[in-house]
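Chain residues, written in single-letter form:
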Amino acid sequence: MTTTPVLSLPDFSKPFVLETDACAIGIGAVLMQEGGPIALFSKPLGPRAMSLSTYEKELMAVGSTVTKWIHYLQGRHFTIKTDHESIKYFLEQKITTGIQKKWLMKLLDRDKVLTSNFWQDLFKNLGTSLKLSTAYHPQTDGQTERLNACLENYFRCMTSHQPKNLMSWLDLAEWWYNTSYHTSLKISPFKSLYGYEAPHLAFPPSTITSVDSVEKYLKQRENLTYSQGSFN
């Protein structure tokens, strides 16, 4: 015989324990105190998320639940439990993948729990210098604000008529910024790094290829150019 588990009321004088897990089709977590459940969370994964690696799904589970239960965890010490070995050594890992950066930036805020000793030590071990900002003082190092303004103008020009297609322009936005002339460098970042001018990405309409992946790429570029030109 079993009994239905009953959720307990939180006692904010006691530490919280956050236990997370992920599977092929979803993520879940339970928030506990002294072994008793306080809150439960589960979420199915979409097609894109289901294609992620196990590590990325486990990291998503941690990030999603910390942000969901921030009202419980704010300003308090808490323990995160996971059965994924790589996540356990997160403090010793170098942040290199997009999803690692995504969840770190999503969690990074002015909130007390995220500027606590844990997060300060985390970024110190990662070799990251924090430039915290607030809504009233958004400036951090000047260069970041200038970059954000340039990218905002670029996306407005390219996607203002179809905002939902913004993700399709990310690669080209990165290429545009890194191959543009910068007054501070007197050259483009690309040339500064590699020592020569960046190759031109334009292809003539008559380009013919027998490689399927290249054919698909050229067609995507043609569609983007057509959609942009039809609204100019």
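Here, every reference points to the structure presented above.
A short tour of the structure in this document, coming up. (Residues numbered from 1 in each chain as written. Predicted model: local features only at pLDDT ≥ 70, side-chain atom pairs only at ≥ 80, totals over all residues. Heavy atoms only, no water.)

### Some words on the overall build of the chain
For step 1, the next point in the chain: If you tally the helices and strands in the chain, you get 10 helices and 4 strands.
For step 2, the next point in the chain: Taken from N to C terminus, the helices and strands of the chain fall in the order β-β-β-α-α-α-β-α-α-α-α-α-α-α.
For step 3, the next point in the chain: For the chain, buried positions account for 29% of its 232 residues.
For step 4, the next point in the chain: Expressed as a percentage of contacts within the chain between residues at least 6 apart in sequence, the contacts between residues at least 24 apart total 48%.
For step 5, the next point in the chain: Carbon and sulfur atoms make up 56% of the accessible area of the chain, which totals about 16300 Å². (Helix = DSSP H or I, 4+ residues; strand = E, 2+ residues; numbered from the N terminus. Buried < 20%, exposed > 50% of the residue type's maximum accessible area, 1.4 Å probe, protein only. Contact = heavy atoms within 4.5 Å. Areas by Shrake-Rupley, 256 points an atom, 1.4 Å probe, with all protein chains shown as cover.)

### Looking at the pattern of salt bridges
Side chains that differ in sign of charge can pair as their charged atoms come close.
For step 1, the next point in the chain: With the rule as written, the count across this model stands at 4 salt bridges.
For step 2, the next point in the chain: One salt bridge in this structure joins Glu 152 and Arg 156, with 2.7 Å as the shortest N-O distance. Taken together, the residues span about one helical turn, with Glu 152 and Arg 156 both in helix α7 (residues 143–159) at a distance of 4 residues.
For step 3, the next point in the chain: Under the relative-accessibility criterion, Arg 156 is labelled exposed at 54%.
For step 4, the next point in the chain: The closest approach of N and O atoms between Lys 191 and Glu 197, which form a salt bridge, is 3.3 Å.
For step 5, the next point in the chain: Here the salt bridges share partners, and the residues they tie into one network are Asp 11, Lys 14 and Glu 34. (Salt bridge = Lys/Arg side-chain N within 4 Å of Asp/Glu carboxyl O.)

### Remarks on the sheet that holds strand β2 (residues 26–33)
For step 1, the next point in the chain: Read across the sheet, 4 strands follow the order β3-β2-β1-β4 without closing on themselves; strand pairing throughout is mixed. The outermost strands of the open sheet, each flanked by one partner alone, are β3 (36–44) and β4 (78–81). Going from strand to strand, the sheet's axes swing by 15° on average, the running direction of each strand aside.
For step 2, the next point in the chain: Each of β1 (16–22), β2, β3 and β4 is contacted by helix α2 (residues 54–68), which is oriented at about 140° to β1, the strand it contacts most. (Pairing = 2+ DSSP bridges. Axes fitted to C-alpha atoms, helices over the stretch in contact; angles between N-to-C directions.)

### Details of the pairing of β3
For step 1, the next point in the chain: Here β2 runs beside β3; their pairing, made up of 8 bridges, is antiparallel. By the bridge assignment for β3, Leu 31 is matched with Ala 39.
For step 2, the next point in the chain: Between β2 and β3, which pair antiparallel one after the other, the connecting turn spans 2 residues, and Glu 34 there sits at a positive phi close to 55°.

### Observations concerning a nonpolar patch on the surface
For step 1, the next point in the chain: A contiguous nonpolar surface patch, about 370 Å² in accessible area, is contributed by Leu 193, Tyr 194 and Tyr 196.
For step 2, the next point in the chain: With respect to the helices and strands, the residue Tyr 194 is situated in helix α9 (residues 189–194).
For step 3, the next point in the chain: On the basis of relative accessible area, Tyr 194 is assigned to the partly exposed category, the value being 48%. (Patch = residues over 30% accessible without salt bridge, like charges linked within 9 Å, V, L, I, M, F, W, Y side chains within 5 Å.)

### A word on the nonpolar core
For step 1, the next point in the chain: Formed by 23 residues in total, the largest nonpolar core has its most connected members in Ile 27, Leu 31, Met 60, Trp 69 and Tyr 72.
For step 2, the next point in the chain: Elements represented by at least two residues in this core include exactly β1, β2, β3, α2, α3 (70–73) and α5 (98–107).
For step 3, the next point in the chain: No other element matches the 6 residues that α2 contributes to this core.
For step 4, the next point in the chain: Beyond its immediate chain neighbours, meaning those up to four positions away, Ile 27 contacts Asp 21, Ala 22, Phe 41, Ser 42, Lys 43, Leu 45, Lys 57, Met 60, Ala 61 and Ser 64. (Core = buried A, V, L, I, M, F, W, Y, C linked by side-chain atoms within 4.5 Å.)

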